[in-house]
Amino acid sequence: DLTVNDGGTTDKLIAENISALTFTYLNASNAVTTTLTDIRAVTISITAITDATLTNELDRTGGTNNTRTLRATIQCRNLGLNK
């Protein structure tokens, strides 16, 4: 599950059955970077899995739950203009 906390004492559920969430930072050459000043784009990837209680959603080949991954790369505007 994916939750968010706005500073209160209780986490708020914003998505269920999330098995992965990643942020990959890219430089101007689209190479992975961890240097903050070199970031020009961010690839966000989120993977969800079907609920285990939904037997009709099981993968017919392996008997496991289906997963879906959504991925998007966002170009960060106005970064690196002063270089």
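The rules behind each value
- Residues numbered from 1 in each chain as written.
- Predicted model: local features only at pLDDT ≥ 70, side-chain atom pairs only at ≥ 80, totals over all residues.
- Heavy atoms only, no water.
- Salt bridge = Lys/Arg side-chain N within 4 Å of Asp/Glu carboxyl O.
- Helix = DSSP H or I, 4+ residues; strand = E, 2+ residues; numbered from the N terminus.
- Polar contact = N/O pair within 3.5 Å; in protein donor to acceptor, adjacent residues only side chain to side chain.
- Buried < 20%, exposed > 50% of the residue type's maximum accessible area, 1.4 Å probe, protein only.
- Pairing = 2+ DSSP bridges.
- Axes fitted to C-alpha atoms, helices over the stretch in contact; angles between N-to-C directions.

Draft legend 1. Local environment of the pattern of salt bridges. Enumeration according to the criterion identifies one salt bridge in this entry. Measuring nitrogen to oxygen at the nearest pair gives 2.9 Å for the salt bridge that ties Asp6 to Lys12.

Draft legend 2. Main features of the environment of Asp6. Looking at the element boundaries, Asp6 is found in the loop between β1 (2-4) and β2 (12-15). At 3.4 Å, the side chain of Asp6 and the backbone nitrogen of Gly8 are in polar contact.

Draft legend 3. Up close: unusual backbone geometry. Despite not being glycine, Asn17 shows a phi value in the positive range, around 60°. Among the structural elements, Asn17 can be located in the loop between β2 and β3 (18-26). The exposure class assigned to Asn17 is partly exposed, which follows from its relative accessible area of 30%. Positioned with a positive phi, Asn30 is a non-glycine residue whose angle comes to about 65°. Structurally, Asn30 can be placed in the loop between β3 and β4 (41-49).

Draft legend 4. The arrangement of the sheet that holds β3 in detail. Taken together, the three strands give an open sheet; going across it, the order is β3-β4-β5, and neighbouring strands pair in antiparallel fashion. Each edge of the sheet is formed by a strand with only one pairing partner; in this case those strands are β3 and β5 (67-75). Pairs of neighbouring strands in the sheet enclose a mean axial angle of 10°, with direction left out of account. Pairing analysis gives eight bridges linking β3 to β4, with the strands arranged antiparallel. Paired with Leu26 across the bridge in β4 is Ala41.

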